[in-house]
Protein chains: 2
Amino acid sequence: MLITINDQDPRPVYIQIAGQVKEQIQRGELKAGDELPSVRELAGSLGINMHTVRHAYSILRDQNLLVFRLGQQAKVASLRSQPAGTKEIATALNRQLDELLTEAFLLGLSADDFRNLINEKINQRKEQKK
Amino acid sequence: MLITINDQDPRPVYIQIAGQVKEQIQRGELKAGDELPSVRELAGSLGINMHTVRHAYSILRDQNLLVFRLGQQAKVASLRSQPAGTKEIATALNRQLDELLTEAFLLGLSADDFRNLINEKINQRKEQKK
DNA sequence: ATAACTGTTATAGTATTATTATAACACTTA
DNA sequence: TAAGTGTTATAATAATACTATAACAGTTAT
């Protein structure tokens, strides 16, 4: 669990932490059931307060990415246990995709350029899996 | 220029404004050279302070989306006049695309699912242009 | 020229949010 | 029982966001 705080980053610390943990989950570096460092431990190693870490974790719990149980460390949630369902998340994905497309076209990319870019990235991932 | 402030939104007002203006530029509702409402005018209609609007505009200027000239209202920048060049923006696009891909795959989408989704969206845009 | 607009800069004060500091509580595990 | 979890509560401090005024420098139209 490598978490760093960037003083130059204008975003609050708890957002930075939540973002980094989220990324590690999305990248598969943290898998369902994996334990996170305790709020006191992470806070200690980062030199910040316990509650700031807790705040970060709580946000991810609200997004159903983490699961808390009293007396135990926070764990990465299993994907199936997302009560929000795929529906809402899919709409979020749609929105993000729309934004990305407009941005790409703004940059002067053609539809084919974009398709090629996508294919490149997909192939990169396939190779990494090998 | 329809700009609204959502009190429920945890993000600061200047971020909300900057975000909405940015979206309108990306959607083509605001085109290069279009004038934005003056900071005093927009602030007045939103019931907020001049400097808050200015802060929002300044962020977009730093992103090379707006151009300021003393004595004149802020204008939407022409895309070619982005000194940062396509390079940095392209890396931002790359990063966003990576995040989106991981998120999509997390949701269980296959590579083909994703390609189909992209194609649908591209076709939607082509139809809108007609 | 002048009046009425622009954005710019400066200074200050207030309001809100983020962070820290302590402490006690409830629960789990060894 | 002891040492580790997250939880809750309260309070104080630090940092950020927002407002309030005012003056300045440039533009545009009268």
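Above: the structure in question.
Because the structure is predicted, anything quoted here is derived from the model rather than measured. (Residues numbered from 1 in each chain as written. Chains lettered and ligands numbered in written order. Predicted model: local features only at pLDDT ≥ 70, side-chain atom pairs only at ≥ 80, totals over all residues. Heavy atoms only, no water.)

Asks: Could you clarify how one ought to interpret the interface of chain B and chain A in this entry?
Replies: Taken together, the contacts link 29 residues of chain B with 29 residues of chain A. Between chain B and chain A, the buried area comes to about 3400 Å², and carbon and sulfur atoms account for 68% of it. Broken down residue by residue, the surface that chain B buries against chain A is led by B:Gln26, B:Leu93 and B:Arg125, which jointly contribute 19%. For the pair chain B and chain A, the interface holds four salt bridges. Between A:Arg125 and B:Asp98 there is a salt bridge, and its shortest N-O distance comes to 3.6 Å. Here chain B and chain A share six residue pairs in polar contact (both at pLDDT 80 or more) between them. Going through the elements one at a time, α1 (13-26), α4 (85-106) and α5 (111-129) of chain B are the ones with two or more residues in the side of chain B that touches chain A. (Contact = heavy atoms within 4.5 Å. Buried area = accessible area lost by both parts, 1.4 Å probe. Salt bridge = Lys/Arg side-chain N within 4 Å of Asp/Glu carboxyl O. Polar contact = N/O pair within 3.5 Å; in protein donor to acceptor, adjacent residues only side chain to side chain. Helix = DSSP H or I, 4+ residues; strand = E, 2+ residues; numbered from the N terminus.)

Asks: Sorry if this is basic, but what is going on with the protein's contact with DNA strand D here?
Replies: Around DNA strand D there are 24 residues in total, and A:Arg54, B:Val13, B:Tyr14, B:His51 and B:Thr52 lie nearest to it. Protein-proximal atoms of DNA strand D, defined as those within 4 Å of the protein, fall in sugar or phosphate at a share of 66%. Separating a phosphate oxygen of DNA strand D from a side-chain N or O atom of A:Ser38 is a distance of 2.8 Å. Contacts to DNA strand D include B:His51, whose side-chain N or O atom sits 3.4 Å from a base oxygen. Secondary structure elements with two or more residues in the surface near DNA strand D: α2 (39-46) and α3 (50-62) of chain A together with α1 and α3 (50-62) of chain B. Residue contributions to the surface near DNA strand D peak at four residues, all from α3(A). Of the residues belonging to the surface near DNA strand D, the class tally is 10 nonpolar, 10 polar and four charged. (Near = heavy atom within 4 Å. Nonpolar A, V, L, I, M, F, W, Y, C, P; charged D, E, K, R; others polar.)

Asks: Is there a simple way to think about the relation of the copies chain B and chain A in this case?
Replies: With an RMSD of 0.3 Å, the fit of chain B onto chain A corresponds to turning through 180° and sliding 0.1 Å along the axis. Expressed as an axis order, the relation between the two copies is that of a two-fold axis. Closest approach to the rotation axis within chain B is made by the C-alpha atom of B:Arg115, at a distance of 3.7 Å. Mapped onto chain A, 100% of the interface residues of chain B again fall at the interface, so both copies present the same surface. (Least-squares fit on C-alpha atoms with pLDDT ≥ 70 in both.)

Asks: Looking at this structure, how should I read the pattern of salt bridges?
Replies: Enumeration according to the criterion identifies eight salt bridges over all chains in this entry. B:Arg11 is the salt-bridge partner of B:Asp9, the closest N and O atoms lying 2.9 Å from each other. In this structure B:Asp9 comes out as buried when scored by relative accessible area, which is 18%. B:Arg11 sits in the partly exposed class, given a relative accessible area of 45%. The network of salt bridges with common partners includes A:Asp98, B:Lys121 and B:Arg125. (Buried < 20%, exposed > 50% of the residue type's maximum accessible area, 1.4 Å probe, protein only.)

Asks: It is not clear to me how the side chain of B:Lys121 should be interpreted in this structure. Could you clarify?
Replies: For B:Lys121, the position within the fold is in helix α5. Apart from the residues within four sequence positions on either side, B:Lys121 is in contact with A:Asn94, A:Leu97, A:Asp98 and A:Leu101.

Asks: I would appreciate a short explanation of unusual backbone geometry in the present structure.
Replies: Most of the time, phi is negative for any residue but glycine, and the peptide bond is trans. Of note in this structure, A:Asn64 is not a glycine but carries a positive phi near 65°. Among the structural elements, A:Asn64 can be located in the loop between α3 and β1 (66-67).

Asks: What is the right way to look at the nonpolar core in this model?
Replies: Within soluble globular proteins, side chains that are nonpolar tend to cluster in buried spots. If you look at the biggest cluster of nonpolar residues, it comprises 21 residues, and the most contacted ones within it are A:Leu97, A:Phe114, A:Ile118, B:Leu93, B:Leu97, B:Phe114 and B:Ile118. Within the residue set of this core, elements represented by two or more residues are α4 (85-106) and α5 (111-129) of chain A together with α4 and α5 of chain B. Discounting residues that sit within four places of it in the chain, A:Phe114 has contacts with A:Leu101, A:Ala104, A:Leu109, B:Leu97 and B:Ile118. (Core = buried A, V, L, I, M, F, W, Y, C linked by side-chain atoms within 4.5 Å.)

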